[in-house]
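Working through the structure, step by step
Here's the letter readout for the chains.
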Amino acid sequence: MPTLGPSLLFAAGLTLGVGAGVLYPRKSPSSPIPNVQLPPPPPEGGQHDSRALVPTAGGSAVLSHGFPGPIPDILKRTAYTAAYDRRLQHPAWTAEHLTATSLARTPPPSSPGTNPVPLDQARKGDTAGSGDKVVVKGDRSKSVFMEDEGIPEMFRAKLRDYFRSGYDRGHMVPAADAKISQQAMNETFYLSNIAPQVGDGFNRHYWAYLEDFCRRLTTNFEDVYVFTVPLYLPAKQADGKWRVSYEVIGNPPSISVPTHFAKVILASRPDFSYPQRPSSNPNYPSSSSSDTIKELAMGAFVLPNKEIPDQADLRSFVVPVEHVEKAAGLQLFNEQVKGKSKQLCAVTQCQVIVRRFDDARKSIGKK
Ligand SMILES: *[C@@H]1O[C@H](CO)[C@@H](O)[C@H](O)[C@H]1NC(C)=O
């Protein structure tokens with residue numbers, strides 16, 4: 001029977017997400033890996049300067065003047081972890097763990113002995129508007145976009161690159177997912193968490209609806225893990241060949257504009273079809289207990305970075321997780337987790353809630 005703790009799941013996902021995790025041994029003295037050219041440990045941005053030349057391990061004459069990279073800047077923030085792509089100058093991926101608590105929403109039913117939630121009721125929960133009375137600590141209006149000093153200057157996305165580019169500074173980890181503190185929210189405004197997104201019809205609309213969908217999943221799942229991944233997908237041209245075509249913004253051109261964005265979601269909750277063991281710790285009735293049998297659900301959505309009509313069916317953007325992984329060169333979740341996961345849209349209603357607040361505001365402004 002599958003017994004997987006949520007933190008374990010995410011740890012596995014992250015380890016794989018970082019890629020060659022085994023190639024970056026963390027200062028563990030007793031882990032000799034013979035005959036392997038060791039790249040430097042990934043620098044953790046936001047704190048120290050990662051410009052220092054890295055000595056190469058293992059006596060490679062070829063690289064005796066230093067390891068050239070690629071170096072993924074691993075950014076560990078309050079509300080998320082991300083890897084920055086120095087060549088594209090936006091995140092390679094961002095990862096978040098959303099819970100009702102982290103979003104200050106009503107938690108899903110989870111105590112042992114709770115009856116399974118009937119599907120229609122669960123679906124109602126999925127599509128219910130937020131309506132939360134949340135003690136929100138992070139206030140978006142108090143945050144400003146910032147360049148990330150932790151990224152070496154020559155690779156750092158700059159505010160001026162976005163200025164008059166015609167693109168929005170699109171959050172990969174949404175500010176609304178980081179309301180636990182002002183600092184957490186501020187950290188989502190680092191340009192190392194930002195990629196250029198079409199504003200109207202995408203960043204301000206359909207993409208925002210998808211972000212909201214991810215948050216609403218916490219109504220029915222205890223743990224929601226979200227990877228956000230910018231993608232560069234080839235398109236078939238008139239001559240029958242496939243090419244990747246994308247804009248690069250800034251002067252000189254610096255920040256690449258992804259053709260697509262993916263959200264890959266792993267959601268877990270107690271599997272009510274198994275009798276749940278009462279938790280040994282009365283303070284934590286069941287939710288985070290690692291011996292709870294979990295139902296896992298996984299879904300990947302790939303959206304083009306362009307205006308998407310409000311009426312578009314969210315399910316029309318569903319792709320196999322492997323498609324995202326292959327296109328991005330990432331392993332987001334291991335085979336074991338994938339094998340145990342149900343299709344997200346089979347166990348919950350994959351539907352966005354259309355919100356056109358900005359338009360309402362605009363029309364008010366006109367009058
Ligand atoms: C958040 O950012 C704003 C604007 O830069 C700043 O005034 C404020 O001190 C920051 N708050 C925290 C907690 O970092």
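A quick note: this is a predicted structure, and the numbers were derived from the prediction, not measured.

Here we take up the UniProt feature "active site" (unreviewed entry) in the chain. The feature "active site" (unreviewed entry), as given by UniProt, occupies His171 in the numbering adopted here. Structurally, histidine 171 is set in strand 4 (residues 168-171). Given 24 C-beta atoms within 10 Å, histidine 171 falls into the buried group. Once residues lying within four places of it in the same chain are set aside, the contact partners of histidine 171 are Thr188, Asn193 and Ile194.

A word on the nonpolar core. With 69 residues, the main nonpolar core has Val224, Val264 and Ile265 as its most contacted residues. Ranked by residue count, the leading element in this core is helix 5 (residues 199-216), at seven residues. Leave out the neighbours within four places in its chain, and valine 264 touches Phe227, Val229, Ala300, Val321, Val324 and Leu332.

With ten of eleven residues buried, strand 11 (residues 260-270) is to be regarded as a mostly interior element. Sheet analysis places strand 6 (residues 223-231) next to strand 11, joined by nine bridges and oriented antiparallel. Note that in strand 11 the partner of valine 224 across the bridge is alanine 267. Here eleven bridges tie strand 11 to strand 12 (residues 294-304), and the two strands are oriented antiparallel to one another. Among the inter-strand pairings, lysine 263 is bridged to a residue of strand 12, identified as phenylalanine 301.

Taken together, the neighbourhood of the ligand is formed by Lys142, Ser143, Val144, Gln182, Gln183 and Asn186. The residue inventory of the shell around the ligand, partitioned by class, reads one nonpolar, four polar and one charged.

Right, let's get into the confidence of the model for the chain. With 67% of its residues at a pLDDT of 70 or more, the chain has an overall mean of 79. Predicted confidence is poor over residues 1-43, with pLDDT under 50, and the contacts of this stretch with residues over four places away or in other chains come to 66 contacts. Contacts for the low-pLDDT stretch residues 362-367, under 50 throughout, to residues beyond four places or in other chains number zero contacts.

With that settled, the discussion passes to the pairing of strand 3 (residues 90-98). Looking along a regular strand, one sees the side chains alternate between the two faces of the sheet. The element strand 3 is largely enclosed, with a buried count of nine among its nine residues. Pairing of strand 2 (residues 81-85) with strand 3 involves five bridges; the strand directions are antiparallel. Looking at the pairing, threonine 81 lines up with alanine 95 of strand 3. In this antiparallel pair of consecutive strands, strand 2 and strand 3, the connection spans four residues, and glutamine 89 shows a positive phi of 60°. Pairing between strand 3 and strand 6: five bridges, direction antiparallel.

The rules behind each value
- Residues numbered from 1 in each chain as written.
- Predicted model: local features only at pLDDT ≥ 70, side-chain atom pairs only at ≥ 80, totals over all residues.
- UniProt positions renumbered as here; feature names shortened; annotations may be inferred.
- Helix = DSSP H or I, 4+ residues; strand = E, 2+ residues; numbered from the N terminus.
- Buried ≥ 20, exposed ≤ 12 C-beta atoms within 10 Å, placed from the backbone.
- Contact = placed C-beta atoms within 7 Å.
- Core = buried A, V, L, I, M, F, W, Y, C linked by C-beta atoms within 7 Å.
- Pairing = 2+ DSSP bridges.
- Near = placed C-beta within 6 Å.
- Nonpolar A, V, L, I, M, F, W, Y, C, P; charged D, E, K, R; others polar.
- pLDDT = per-residue confidence, 0-100.

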